[in-house]
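Structural overview
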Amino acid sequence: MTCCVLRSACCVQIAVSHAARSAQHGLMNFFSESLHTAFGLISARDPDVVNAVTVSIVVSLWSTLFAALAGIPAGVVIGVAEFPGKRAAVTLLNTLMALPTVVVGLFVYSIISRQGPLGTFGLLFTPHAMVIGQTILAIPIMANFTMSTIKGADPRIVPTALTLGAGPFGSVRRLVIELRFGIMAAIIAGFGRVIAEVGVAMMLGGNIRGYTRTMTTAIAMETGKGEFALGLALGIILMAVALIANLFLNILQQK
Amino acid sequence: MAPLYQLDRIRKNYGNREALAIDELTIQPGRCYTLTGPNGSGKSTLLQILAFLAPPTAGRLLFCGEAVVWENGPLLRLRRQVTLLHQAPYLFSTSVQANVAFGLKTRGITGTEQRLLVDEALETVQLAGFQKRKAQELSGGEAQRVAMARALALRPKVLLLDEPLANVDGKSTELLEEVIVSLPARGTSVIITTHDPEHRQRFGTDRIHLVAGRPAAPPQPAILHKGETADAHL
Amino acid sequence: MKTMNGFLLALTTLLMLCAAAEASERLKMSTTTSTQDSGLLNVLLPPFEKKNDVKVDVIAVGTGQALKIGEAGDVDVVFVHARKLEDKFVADGFGVNRKDVMYNDFVIIGPKGDPAGIAKARTAAEALKMIAARGASFISRGDKSGTHVKEKELWKAAGVEPKGGWYIEAGQGMGPVITMATERRAYTLADRGTYNAFKGQKTDLAILFQGEKGLFNAYGVIAVNPKRFPHVKYDLAMKFIDYVTGPEGQKIIAGYKAHGEPVFFIYRK
């Protein structure tokens, strides 16, 4: 399983060196060919590309939603509360941020495979499996960003809410509302991590055409097939999708 | 009538440093106290304790004759009778209306009643019509006045003011002084820290002077004003 | 707060819409990358899917891994190319009803200059022996795929233990390995289908040895054993096996061409 992912990472390097070395295909040529392919795919609304974009976005949104429901409260609690073992919790959170996607993938794989404890649900190689894996992937990032936002918050917020008569819960609620931009940034960071990752999507989704094939697994696959221009074209589309998603969130922020 | 606050061997330490050491202090209701002392003498620390925001390291505090229990439940009830106004108040990043209504909302006051109280409080600080403005876009003086209105709307039993006139323009200073002076008559006792001797005179004669965290006799001014009484009730 | 609520509402609606889009039955198949990457499945699957109102979920990995996924009961059917491993899979009780589907062959490719001179070899084993003797670069799949299994058989036949700086274990799929061999000017063992898809534009390596019986590459399809894994869709898996080995599937396989050349061959009965 791991080799799938290593494969894709390695191939990008190969793709670049391949392009650089071919005399008749200079690097600029390679890149402009990819751009051309990208626009071609978009303007033709290529069904495979449309599907991969949809799967990427839908799975990432679900993962982001679930991860936010778990990660943001966790980050708030660790950021606000004083408890024994807080330092350990912060260290653990930082370590989990560095968790390789393949490790998360393997871990979830072992649990949801038919041989695993949750095997009866038949989740492996479905979008649900990808959502599970990506949620786990995004929780530490969101919790961490939320925690740092809270740490860097204006120290007057909570006392102000308290002296105006808010309870402990109400004052933390106000703190979260005051920090909404930072928390939105946490959500965006989580979304960015899951939409860009390939390990979990490949291992748990299986890169099934029209079902669990995402932009990233499609890039890995096309690269493996030697279709470097197509792979890079998909990469350009992925960037465009991420850009649109972030613009959308930015507009929400400014309201 | 029981005293407003009674402090009994109150200590507050930050690490090894003793920030406050008051063996005995009584504060009476219906008055306006000035709290004076050099920088770092423990004025803000004392206000934090009187606002029930930070527990003392040791000692007993009575509020209206009742011993304060430093636990969330009882504290919430006490905090709703005392409001602290900071020298650089934090306004929530929302409208002026929502800022002034914040404390009312926590007390379950909503709808028309809330709106009327907000309007009244804003009128008191001469900011009628500011309801829809964004708090972040106010000038320093306006922000201080909104913060004052936010506290006044709650009609607290005690208003604690930490250098409220430090960063404020002349017009706002005058206005806020007037409001503060009128508070005891409206049923709100006031404790205010200030550096400015002129303010001290306007705010009345009751005075608590701290030196290195301990109550002390205030430095004698060159000329004693007529009728000036002993400051704190030590 | 209002914008937050509006955002959540919009998000929920979008997610609901997407969740509703799932419907018909799904047959899960693990297979080797060559069936997918050659483009065969794109023409072989749609008629079956249409006739039975089913979606075939293809998980394309190396043969070794495809069988492992079957051994865990995570798929309903496997479609691979390593006869010995397939027989073991059936013997161990993981699969039933193994059927031959099609074949093609392996070729040894390398730089046109042929530094080890393997074009003159009489057998594939001899060709490998010459590469080893010369110390010419050779890239191995190294991923327990069907091709890797075949390569190891050939080294054994050659009586050579491949080791040293010239022997590169890539741990990657066929496509990346051909790319790597092209970059490193190395020899490698490739299935003809994938090589055909690469030759010209993507690689300038040439076929330097081919046509030996030992390079025969047979593809088989196996249903995952329902007695061992009661949850598998055995009936559907059998329908699929009947389809690919029946006249309709066989006709599509025999007629499939990439770059104008056939990729897979069917058994004449």
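This text follows the structure it describes.
Attention in this report is confined to the structure presented alongside it. (Residues numbered from 1 in each chain as written. Chains lettered and ligands numbered in written order. Predicted model: local features only at pLDDT ≥ 70, side-chain atom pairs only at ≥ 80, totals over all residues.)

Okay, the pairing of strand 9 (residues 216-224) of chain C next. All names here are of chain C. Burial of strand 9 is extensive: 7 of the 9 residues sit out of reach of the surface. One ladder, built from 4 bridges, connects strand 3 (residues 77-80) with strand 9; its direction is antiparallel. Counterpart to Phe79 in the pairing with strand 9 is Val221. Bridge count for strand 4 (residues 95-110) against strand 9 is 8 bridges, and the pairing is antiparallel. (Buried ≥ 20, exposed ≤ 12 C-beta atoms within 10 Å, placed from the backbone. Helix = DSSP H or I, 4+ residues; strand = E, 2+ residues; numbered from the N terminus. Pairing = 2+ DSSP bridges.)

As a rule of thumb, soluble globular proteins bury nonpolar side chains together. Counting 173 residues, the largest nonpolar core has Met142 of chain A, Ala149 and Leu160 of chain B together with Val77 and Val78 of chain C as the members making the most contacts within it. Examining the composition of this core, we find that 14 residues originate from one element, helix 6 (residues 127-151) of chain A, more than from any other. Setting aside residues up to four positions removed in sequence, Met142 of chain A forms contacts with Ala67, Ala68, Gly71, Ile72, Gly75, Ala186, Ile187 and Gly190 of chain A. By size, the runner-up hydrophobic cluster in this structure holds 34 residues, among which are Leu128, Met180, Tyr187 and Phe209 of chain C. (Core = buried A, V, L, I, M, F, W, Y, C linked by C-beta atoms within 7 Å. Contact = placed C-beta atoms within 7 Å.)

With that settled, the discussion passes to the sheet that holds strand 6 (residues 82-85) of chain B. Taken in spatial order, the 6 strands of this open sheet run 6-7-8-3-9-10 (chain B), and their pairing is mixed. Lying at the two open borders of the sheet, with one neighbouring strand each, are strand 6 and strand 10 (214-215) of chain B.

Okay, helix 3 (residues 47-80) of chain A next. Taking 1.5 Å of rise per residue, the 34 residues of helix 3 of chain A would be expected to cover 50 Å, and the 48 Å separating its terminal C-alpha atoms lies within 8% of that figure. The principal kink in helix 3 of chain A, of about 35°, is found at Ala68 of chain A. (Expected span 1.5 Å × (residues − 1). Bend = angle between axes of the 7 residues up to and from the residue.)

This part is about the sheet that holds strand 1 (residues 5-14) of chain B. Residue and element names in this part refer to chain B. Spatial ordering of the open sheet is given by 2-1-4-5, a layout of 4 strands whose pairing is antiparallel. Of all the strands in the sheet, the pair left with one neighbour each is strand 2 (17-27) and strand 5 (66-67). Here strand 1 pairs with strand 4 (residues 58-63) via 5 bridges, running antiparallel. Its bridge partner being in strand 4, Arg11 is matched across the sheet by Ala58. Running at roughly 120° to strand 1, helix 1 (residues 43-50) makes contact with strand 1, strand 2 and strand 4 of the sheet. (Axes fitted to C-alpha atoms, helices over the stretch in contact; angles between N-to-C directions.)

By themselves, these are just geometric observations and shouldn't be taken as functional.
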